[in-house]
Amino acid sequence: MTSPTSAATSAAGTARRLGPLLGPLRRTVLRRSRDLAALPDLPEAQVELLRVLAGQGAQSPSGLADRLRLARPTVSNLLRTLSAAGLVDRSPGAGRAVQVSATDHARELLARYDAASARTLEQALDRLDAADRTALATALPTLERLLDALGDD
C-alpha cells in the first residue's frame, strides 16, 4: 500500500499537479508584469524570441526556429510582427542569408519586463508565509534541474 506522502511525491503525482500550474503561473506573471510596467502586450512567443536574440546575439531565422523548436513559418511571422514594431533588425548575412537581432528598444523592454516581473513575484511571495517562501527557495535548484532534464538548456 502506498502512503499519502509517497503518492504525493511520486513522479506521476507531481507531474499531474505541476503541469497544470505552469501555464497559468507563467501567463499571470507576464500579464501582471505588463500591467505594472505599462509594457506592450507582446505574446509570450515574441518575448521568448526576443530573449534568445538579446541573450545570444544575431541569428538566422532558421537558427531561431531550431533553437525555439518552432516551425520556420511561425518564426517568420513572429519576426515580421516584431520588425514592424521596431523590436528586431534584419541585416544581410553570408550569401543570401539574413540575420536578425534585437533592437535597443527590445532590450529596454526586456529589462523593464524583468524588473516588473521580479517586483510582481516579490509582492506575491510577500503574501506567503515564511515556510512557503523557504519551500519555494529550496525548490529553485530542483526546478532548474527539471528544466535541464526536459532538454531546454
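See the structure printed just above.
Conventions we followed
- Along each chain, residue indices are assigned from 1 in the same order as the chain's sequence is written.
- Side-chain atom pairs in this predicted model are given and counted only at pLDDT of 80 or more, local residue features only at pLDDT of at least 70, and totals for whole chains, interfaces and linings cover all residues.
- To obtain the side-chain values, all non-hydrogen atoms of the structure were included, while hydrogens and water were left out.
- Grid points spaced at 1 Å and placed over the protein atoms alone form the basis of the search, with a cavity being a set where a 1.4 Å probe fits but cannot get out and a pocket an open set showing protein on both sides within 12 Å along at least five of seven lines. Lining residues have an atom within 4 Å of a point.
- Grid points are joined across faces, edges and corners, and a volume is the space filled by probe spheres set on the points.
- Runs of E in the DSSP output that reach at least two residues are strands. Runs of H or I that reach at least four are helices, and both are numbered from the N terminus.
- Residues are grouped as follows: nonpolar covers Ala, Val, Leu, Ile, Met, Phe, Trp, Tyr, Cys and Pro; charged covers Asp, Glu, Lys and Arg; every other residue, Gly included, is treated as polar.
- Two residues form a contact once any of their heavy atoms are found within 4.5 Å.
- Each helix should span, by expectation, one fewer than its residue count multiplied by 1.5 Å.
- Among the buried residues, those of types Ala, Val, Leu, Ile, Met, Phe, Trp, Tyr and Cys that are joined through side-chain atoms within 4.5 Å form a nonpolar core.
- In this scheme, a residue with accessible area under 20% of its type's maximum is buried, one over 50% is exposed, and one in between is partly exposed, where area comes from a 1.4 Å probe on protein chains only.
- Think of a polar contact as two N or O atoms within 3.5 Å of one another; within protein, one of them needs to be a possible hydrogen donor and the other a possible acceptor, and neighboring residues in sequence only count if both atoms come from side chains.
- Within the patch definition used here, like charges are joined within 9 Å and nonpolar side chains (Val, Leu, Ile, Met, Phe, Trp, Tyr) within 5 Å, considering only residues with over 30% relative accessible area and no salt bridge.
- In these tables, accessible area is a Shrake-Rupley quantity obtained with a 1.4 Å probe, and a residue counts as shielded only by the protein chains included in the view.
- A pair is scored as a salt bridge if a Lys or Arg side-chain nitrogen falls within 4 Å of a carboxyl oxygen belonging to Asp or Glu.
- Of all possible arcs, the one meant is that of the directions from the helix axis to the C-beta atoms.

K.L.:
How do you make sense of empty space enclosed by the protein when you look at a structure like this?
P.N.:
A water-sized probe rolled over the atoms picks out the places where empty space is left. Considering all chains together, one arrives at one cavity of 30 Å³ or more under this definition. Approximately 110 Å³ is the volume found for the largest cavity. What lines the largest cavity is simply Leu30, Arg34, Leu39, Pro40, Leu42, Val47, Leu50, Ala106, Leu109, Leu110 and Tyr113. Breaking the lining of the largest cavity down by element, the ones donating at least two residues are α2 (11-37), α3 (44-56) and α6 (104-126). With four residues, α6 is the largest single contributor of residues to the lining of the largest cavity. Here the residues of the lining of the largest cavity sort into 10 nonpolar, no polar and one charged.

K.L.:
Would you take a moment to explain the side chain of glutamine 46 for this structure?
P.N.:
With respect to the secondary-structure elements, glutamine 46 resides in helix α3. Leave out the neighbours within four places in its chain, and glutamine 46 touches Leu78, Thr81 and Leu82.

K.L.:
I'm lost on α6 in this one. Help?
P.N.:
Residues that lie three or four places apart on an α-helix share one face, since the helix turns once every 3.6 residues. End to end, α6 covers 33 Å across 23 residues, agreeing with the expected 33 Å (1.5 Å per residue, within 8%). Those residues of α6 that are buried are in contact with α2, α3 and β2 (98-102).

K.L.:
Explain the nonpolar core to me, please; I cannot follow it from the model alone.
P.N.:
Generally speaking, soluble globular proteins have nonpolar side chains that are buried together. With 26 residues, the main nonpolar core has Leu49, Leu50, Leu53, Leu64, Leu79 and Leu87 as its most contacted residues. Looking at this core, the elements that each hand over two or more residues are α2, α3, α4 (61-68), α5 (72-84), β2 and α6. Once residues within four sequence positions are removed from consideration, leucine 64 is found in contact with Leu49, Val52, Leu53, Gln59, Val75, Leu79 and Val100.

K.L.:
Please explain the side chain of serine 60 as it appears in this structure.
P.N.:
Its location among the elements puts serine 60 in the loop between α3 and α4. Here the side chain of serine 60 touches glycine 63 through a polar contact of 2.9 Å, landing on its backbone nitrogen.

K.L.:
Would you mind going over a nonpolar patch on the surface with me for this structure?
P.N.:
Nonpolar side chains collect at one region of the surface, where Leu121, Leu125, Leu128 and Leu136 lie side by side and expose about 290 Å² of accessible area between them. With respect to the helices and strands, leucine 125 occurs in helix α6. Judged by its relative accessible area of 32%, leucine 125 is partly exposed.

K.L.:
Any chance you could explain α4 here in plain terms?
P.N.:
Among the residues of α4, those classed as buried are Leu64, Ala65 and Leu68. Around the axis of α4, the buried residues are gathered within 100° of arc, so they sit on the same side. Buried residues along α4 sit against α3, α5 and β2. Positioned one or two residues after α4, arginine 69 has a phi angle of 55°, which is positive.

Structural measurements only, silent on function.
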